[in-house]
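One letter stands for each residue in the lines below.
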Amino acid sequence: MDILFVYYSEDHFYTMHKKSHRLASTKIILEYLEKFKEAPSKTIARKIYNENTAFFDCLENVYVKVRYYRGQGGKKSRKHNTEQHLIQDLKTTVMQNFYTMPSSLNEKRGTFTFPTGCKKLAIIGDLHVPFHDEDAVETAFDKIESESVDSILINGDLLDFYQLSFHEKDPRKVKFKDEIEAGKQFLGYIRSRFPDIPIYFIPGNHENRFERYLRIKSAELLDMDEFRLDVILKVAEHRIEYIPFRTKVVFGDFIIEHGDKVPGAGGVVPARTALMRFKTNCIVNHFHKSSQSSQRVYGTDESKSINGYSVGCLCDLAPDYMEINEWNHGFCILTKTKDTVAVDNYKIENNTVL
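Just so it is clear, the structure is predicted and the values come from calculations on it, not from any experiment.

Q: What am I meant to see in the sheet that holds strand β4 (residues 199-202) here?
A: Paired through their backbone hydrogen bonds, the strands of a sheet run either parallel or antiparallel. Ordered by their spatial adjacency, 7 strands build an open sheet running β5-β4-β3-β2-β11-β12-β13, and the pairing between neighbours is mixed. Looking along the sheet, the strands with just one partner apiece sit at the ends: β5 (240-242) and β13 (352-353). Relative to β4, strand β3 (residues 151-155) runs parallel, the two being bridged by 4 bridges. Paired with I152 across the strands is I199, a residue of β4.

If you want it as structure tokens, here you go:
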């Protein structure tokens, strides 16, 4: 009877396993090289390693193999390379594979465009709650209500955030908690006055004091949803749409900005200053002063012009830090007909709309 001897070697098993593992890793590299032929070698090596860490010991080993199959390891390796179709022209790829584009930290600003169904928009801003003028607010709301607007935009500086200012302040004045409560109360009130139309709120530079304070004093809280301004103010509970700070807002052929992007106090005619900066039809708050400016645009249409408006405020006109000023109470209403927007920029004096 013939006897069959079975020979078992642990070293032999390890060698076979290692060979199988090497074949699998090579297959992975070749598949990636076929799929991403235009990618730089360093980039594709990093992608292979990050997505297949079980097959590779380190990134450098992957990079060496990628360069080998692309013919970047010298004449000898190119000669023995079994994947000749993967070899690239070194004259055009050597610099591409040596340098890679650095990751950009650029954050592009979003744009909010009012829905096409929005034809008549009221814009208020600079209330600086709790330093708002109650009579001016009520006068504005009565007029807005009588005009049957279909949307309202709170265009920045709804809140003052007095205690978060880096300017000198009186510690005996309103507490931060009370400012937040007043802000929530106002949002509830404006919703009760206009229960059936969309209301939008975009922060201004005063609301941005809150995030700036967190950056300096409590940076660890910036990533927590509980410390987002719209969450703290419970904006969603009042069915008010929150537009992130410094988003570009568009209504018809007008852009709507808070105005803090325009440096300084706006000059004698803030609308003119804004118009020269934005170079398009624009509406701004921030300067607490109603003004209007027009500029004819040179071109084929000699009647074409661009128009700028700055809108009055709804806050105290004689604050401690600037008792003498040229501020006035006001708001505006935009009416859109097809692609044309008409602007009624109202002033308020002695509780009367002018």
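Q: Help me out: how do you make sense of unusual backbone geometry in this one?
A: Leave glycine aside and you will find that most residues have negative phi; peptide bonds, for their part, are mostly trans. Looking along the chain, the bond that leaves V129 and enters P130 is cis, with omega of 10°. Tracing the backbone shows P130 in the loop between β2 (120-124) and α6 (134-146). The backbone phi angle of D126 is positive, close to 55°, even though this residue is not glycine. Among the structural elements, D126 can be located in the loop between β2 and α6. If you check the backbone angles, N350 has positive phi at about 50° while not being a glycine. Along the polypeptide, N350 turns up in the loop between β12 (340-349) and β13.

Q: For this particular structure, what's the right way to read the pairing of strand β11 (residues 329-337)?
A: Each regular strand shows side chains that alternate between the opposite faces of the sheet. Judged by how many residues are buried, β11 sits mostly within the fold: 7 of 9 residues are covered. Sheet analysis places β2 next to β11, joined by 4 bridges and oriented antiparallel. Bridged to I123 within β11 is C332. One ladder, built from 9 bridges, connects β11 with β12; its direction is antiparallel. By the bridge assignment for β12, L334 is matched with V343. The turn linking β11 back onto β12 is made up of 2 residues, and K338 within it adopts a positive phi angle of 55°.

Q: Got a minute to help me understand the packing of aromatic side chains in this structure?
A: Given two aromatic rings, one states the distance between the centres and the angle between the planes to describe the pair. Taken as a whole and judged by the stated rule, the model has 16 aromatic pairs. When the ring of F141 is compared with that of F186, the centres are 6.2 Å apart and the planes differ by 45°; the resulting orientation is tilted. You can see F141 sitting in helix α6 and its partner F186 sitting in helix α7 (residues 176-193), a full 45 residues away along the chain. Each member of the pair, F141 as well as F186, carries the same accessibility label: buried. Following the ring pairs from residue to residue traces out a cluster consisting of F112, F114, Y200 and F251. We note K42 situated over the ring of Y63; from NZ or CZ to the ring centre the distance is 4.3 Å. Stacked on the ring of F251, the Lys or Arg K336 has its end atom at 5.0 Å from the ring centre.

Q: Explain the environment of E211 here, please?
A: Examined against the element boundaries, E211 turns out to sit in helix α8 (residues 208-217). The class of E211 is partly exposed, set by a relative accessible area of 34%. Placed 18 residues apart in sequence, E211 and L229 show a C-alpha to C-alpha distance of 8.2 Å.

Q: So what exactly am I meant to see when it comes to the nonpolar core here?
A: What tends to happen in soluble globular proteins is that the nonpolar side chains get buried as a cluster. In this structure, I124, I144, I152, L158 and I190 are the most contacted members of the largest nonpolar core, which totals 36 residues. Taken together, the elements giving at least two residues each to this core come down to β2, α6, β3, α7, β4, α8, β11 and β12. Leaving out residues up to four positions away in the same chain, I152 has contacts with L121, A122, I144, I190, F194, I197, P198, I199 and Y200. Among the nonpolar cores identified, the runner-up in size contains 20 residues, and F112, I123, V249 and L334 belong to it.

Q: Please clarify how the packing of α6 against α7 should be interpreted in this entry.
A: Angle between the axes and distance between the axes: these two values describe a pair of packed helices. Interhelical geometry of α6 versus α7 gives an angle of 30° and a closest axis separation of 11 Å. In terms of their interaxial angle, α6 and α7 are classed as roughly parallel. Crossing handedness for the pair α6 and α7: right-handed. On the side of α6, the interface is formed by V137, E138, F141, D142 and E145, while α7 contributes F186, Y189, I190 and R193. Split by residue class, the contact of α6 with α7 holds 5 nonpolar, no polar and 4 charged.

Q: What is the right way to read the sheet that holds strand β1 (residues 111-113) from this model?
A: Strand order in the open sheet formed by 6 strands is β1-β6-β7-β8-β10-β9, and the pairing between neighbours is mixed. One side of each edge strand has no neighbouring strand; the edge strands of this open sheet are β1 and β9 (291-296). The mean angle between the axes of side-by-side strands here comes to 20°, regardless of whether they run parallel or antiparallel. Direction of pairing for strand β6 (residues 248-251) relative to strand β7 (residues 254-257): antiparallel, over a ladder of 3 bridges. Each residue of the ladder has a partner; that of V250, found in β7, is I255. In this fold helix α10 (residues 270-278) packs onto β7, β8 (282-284), β9 and β10 (305-310), with an angle of close to 40° to the strand it touches most, β9.

What counts and what doesn't
- Residues numbered from 1 in each chain as written.
- Predicted model: local features only at pLDDT ≥ 70, side-chain atom pairs only at ≥ 80, totals over all residues.
- Heavy atoms only, no water.
- Pairing = 2+ DSSP bridges.
- Helix = DSSP H or I, 4+ residues; strand = E, 2+ residues; numbered from the N terminus.
- Buried < 20%, exposed > 50% of the residue type's maximum accessible area, 1.4 Å probe, protein only.
- Phe/Tyr/Trp six-rings, centres within 6.5 Å; stacked < 30°, edge-to-face > 60°.
- Lys NZ or Arg CZ within 6 Å of the ring centre and 35° of its normal.
- Core = buried A, V, L, I, M, F, W, Y, C linked by side-chain atoms within 4.5 Å.
- Contact = heavy atoms within 4.5 Å.
- Axes fitted to C-alpha atoms, helices over the stretch in contact; angles between N-to-C directions.
- Parallel < 35°, antiparallel > 145°, perpendicular 65-115°, else oblique.
- Left-handed = near helix turned anticlockwise from the far one by under 90°.
- Nonpolar A, V, L, I, M, F, W, Y, C, P; charged D, E, K, R; others polar.

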